[in-house]
Amino acid sequence: MIVVHNSHECDVLVIGGGPAGSTTAALLAHMGRKVVLLEKDRMPRFHIGESLLPLNLPLFERLGVADEIRRIGVYKPGAEMVSDAHGTATKFRFASNPHLPVDHSYQVQRAEFDKLLLDNSRRLGATILEATRAREVEFDVGERTRITATGPDATVSSLLARHVVDASGRDTLLASQLGLKRTDKIHGTAAVYGHFRNVPRRDGDDAGMITVHLFEQGWLWMIPLTDGIMSVGVVGDRAFFKHRTDDLNGILARALAASPSAADRMAKAELIRPLVATGNYSYDARRIAGNGYTLTGDAFAFVDPMFSTGVLMAMSSGALAAEAINVWLENRKAGERLLRSYERRMRRGLEAISWLIHRINTNVLRDMFMSSIDMFDIRNGVVAILAGDFYEKRGLFSPLRRCQLAYGVLYGLSKVGLRLRGRGLTWRSTNSVKSTDVGDALGKGIGDFKWAINEPEGIAAPATEAADGARVQAVDSAA
Ligand SMILES: Cc1cc2nc3c(=O)[nH]c(=O)nc-3n(C[C@H](O)[C@H](O)[C@H](O)COP(=O)(O)OP(=O)(O)OC[C@H]3O[C@@H](n4cnc5c(N)ncnc54)[C@H](O)[C@@H]3O)c2cc1C
């Protein structure tokens, strides 16, 4: 083992080369700062989080990668929500909201996307050390922070930085080390996902839409990617994952059995890489920044991915953090003010998304999404939120406020037995949809879905997630 001391001294050391880390490193290097970024894997590597939002596009322009993203992405005109329980599908098209500055986004294979962003930060002047894992962060070493890292061949390096950015994603290196991490105990969900071929896309212009298939205990996503690949995953609540001993194939099959519309599309599906599981969903850190460090992206907070918000939040947090840190390096007080405003903005976004996520399995919110009645113009509100417009201060008629207003009215009506269904209000003696209603309608057993796995070449599977064959207890214990 070789030990190298002070192999790098820099202004800013970034831990993690995902979208948050690459954005922070690229912008700070462009501002003339000496930046070193450590990434524990080698790119390209598999990562989940493939559906992007329209408000990502201005950030791509700013980073100078807009043309390259267009080249590797599938054009995404909006999102579709399908509910078998309601017997309807609703399409939310970005172009239908005249207030949005951008009318589309992209679906991307993260292996390609993350490599592209990381290469771009290298091009803009950041030093990138791949296959190098940050192990420990030691504050107050003089005016510096010391980061110990293990590189290829187990080489250990000690690096000194004026400021450390944690962009280590769900590994949450600093939030865990500093005891800042809080998990959302109420909204415990987990996911199982993989890449498939032979899953039909929607017709014509809608071919690039993400589809969310709702079922009683969760939802499935279908994201059309390049090379004829469909990313398919299930997010389930605690009840869905509880006390089951299925393997990951069995879990996905159980979700499909609860969603006939998704099962139909998966009838000839062929799995091309082992399924992966992720548990223990939502969390945040009690602080976003401290003396000499800043958290960005998933290293700060994570919310359920239903609205595909993760990459936009990671990149916009990286951009805001870069501006604040650049000032902090010259003037601590002014930088700290900017970091506080960065924290307020991020929390505003998280609260907006969490409000919807916490209610997505309720009949009232699902009725609002699936009904053809557009109460308080919520359709445009939902499109704005799905486009990534969730950071602004909430005025009386902001997208989220309109959703909350409609929700409040419909919640009150549900208490006297009225529900919004189809084109109007109907009386319902019960508020719940039984899972057997949809399962029986499918007429398919869980065992009917079995996929042969063809391993793709050249892209490493994620090291930190549970691969297929792991039992559902792995998800349970994490969730
Ligand atoms: C099931 C699921 C579905 C999702 N779907 C979507 C979606 O459709 N759209 C969307 O926008 N988001 C989605 N997300 C969220 C999205 O994946 C994340 O929000 C996004 O990747 C966060 O980016 P990041 O840069 O913060 O972290 P990451 O992308 O996770 O990057 C962190 C990087 O840090 C590296 N790293 C970790 N520890 C260390 C260390 N000690 N030293 C060096 N490097 C380290 C990792 O290797 C990784 O490359 C989904 C998430 C899940 C779990």
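All values derive from a computational prediction rather than experimental measurement. (Residues numbered from 1 in each chain as written. Predicted model: local features only at pLDDT ≥ 70, side-chain atom pairs only at ≥ 80, totals over all residues.)

1. With respect to helix α12 (residues 378-387)
Our working definition: Counts of 20 or more other C-beta atoms within 10 Å of a residue's own C-beta define buried residues, counts of 12 or fewer define exposed ones, and intermediate counts define partly exposed ones; C-beta atoms are placed from the backbone. Counting from the N terminus, the helices are the DSSP runs of H or I reaching at least four residues and the strands are the DSSP runs of E reaching at least two. Here the contact rule is simple: place C-beta atoms from the backbone, and any two residues whose C-beta atoms are within 7 Å are in contact.
Judged by how many residues are buried, α12 sits mostly within the fold: 9 of 10 residues are covered. For α12, every residue scored as buried is listed here: Ile378, Arg379, Gly381, Val382, Val383, Ala384, Ile385, Leu386 and Ala387. On the buried face of α12, the contacting elements are β4 (78-83), β5 (88-93), α11 (363-370) and α13 (399-415). Of the residues trailing α12, Gly388 is marked for its positive phi of about 110°.

2. Some remarks on the pairing of β5
Our working rule: Note on pairing: DSSP must find at least two bridges between two strands before they are called paired.
Looking at chain direction, β4 and β5 are connected through 6 bridges and run antiparallel. The residue bridging Glu80 from the neighbouring strand is Lys91, located in β5. Counted between consecutive antiparallel strands, the loop separating β4 from β5 contains 4 residues, among which Gly87 sits at a positive phi close to 70°.

3. Here's the deal with the nonpolar core
Stated formally: To form a nonpolar core, buried Ala, Val, Leu, Ile, Met, Phe, Trp, Tyr and Cys residues must be joined through C-beta atoms within 7 Å. Those domain boundaries reflect an automatic or database domain assignment.
Leu13 and Val35 are the most contacted members of the largest nonpolar core, which has 145 residues in total. For this core, the element with the highest residue contribution is helix α9 (residues 310-328), accounting for 12 residues. Residue-level mapping places this core at the junction of two domains, with at least three residues from each of domain 1 (3-73 + 108-183 + 282-354) and domain 2 (78-103 + 189-279 + 362-479). Val35 has contacts with Cys10, Asp11, Val12, Val14, Ala25, Leu28, Ala29, Ala126 and Thr127, leaving out every residue within four places of it along the chain.

4. Some points on helix α7 (residues 248-257)
For an α-helix, the turn length of 3.6 residues means that residues three or four places apart are oriented alike. The element α7 is largely enclosed, with a buried count of 9 among its 10 residues. Among the residues of α7, Leu248, Asn249, Ile251, Leu252, Ala253, Arg254, Ala255, Leu256 and Ala257 are the ones counted as buried.

5. Structural notes on the confidence of the model for the protein
What counts, and what does not: Summary of the metric used: pLDDT quantifies the predictor's per-residue confidence within the range 0 to 100.
This prediction gives the protein a mean pLDDT of 85; 86% of its residues lie at or above 70. Of the regions scoring below 50 in pLDDT, residues 461-479 engages in 50 contacts with residues more than four places distant in sequence or in other chains.

6. Some points on the sheet that holds strand β11 (residues 181-183)
The strand order across the open sheet formed by 3 strands is β11-β18-β21, and the pairing between neighbours is antiparallel. Either end of the sheet is taken by a strand with one partner, and the two such strands are β11 and β21 (301-302).

7. Considering the packing of α9 against helix α10 (residues 332-357)
Inclusion rule: In this analysis, axes come from line fits to C-alpha atoms, helices being fitted only over the stretch in contact, and the angle between any two N-to-C directions falls in the range 0 to 180 degrees. An angle below 35 degrees is treated as roughly parallel, one above 145 as roughly antiparallel, one from 65 to 115 as roughly perpendicular, and anything else as oblique. Rotating anticlockwise by less than a right angle from the far helix to the near helix defines a left-handed crossing, while the corresponding clockwise rotation defines a right-handed one. For this classification, Asp, Glu, Lys and Arg are treated as charged, while Ala, Val, Leu, Ile, Met, Phe, Trp, Tyr, Cys and Pro are nonpolar and the rest, including Gly, are polar.
At a closest axis distance of 7 Å, the pairing of α9 and α10 adopts a crossing angle of 165°. The orientation of α9 relative to α10 falls into the category roughly antiparallel. Handedness of the crossing formed by α9 with α10: right-handed. Of α10, the residues touching α9 (which contributes Met313, Ser317, Leu320, Ala321, Glu323, Ala324, Ile325, Val327 and Trp328) are Arg332, Ala334, Gly335, Glu336, Leu338, Leu339, Tyr342, Arg345, Met346 and Gly349. Looking at the contact of α9 with α10 residue by residue, the class counts come to 12 nonpolar, 3 polar and 4 charged.

8. Re the site of the ligand
Selection criterion: Only the C-beta atom, placed from the backbone, is used; a residue is near a molecule or strand if that atom lies within 6 Å of it.
By nearness alone, 38 residues border the ligand, and Gly18, Gly49, Gly169, Gly297 and Gly310 come closest of all. Of all elements in the fold, only α1 (19-30), β8 (133-141), β12 (189-197) and α9 reach the threshold of two or more residues within the shell around the ligand. Within the shell around the ligand, the residues separate by chemical class into 15 nonpolar, 15 polar and 8 charged. Two domains each provide a minimum of three residues to the shell around the ligand, namely domain 1 (3-73 + 108-183 + 282-354) and domain 2 (78-103 + 189-279 + 362-479).

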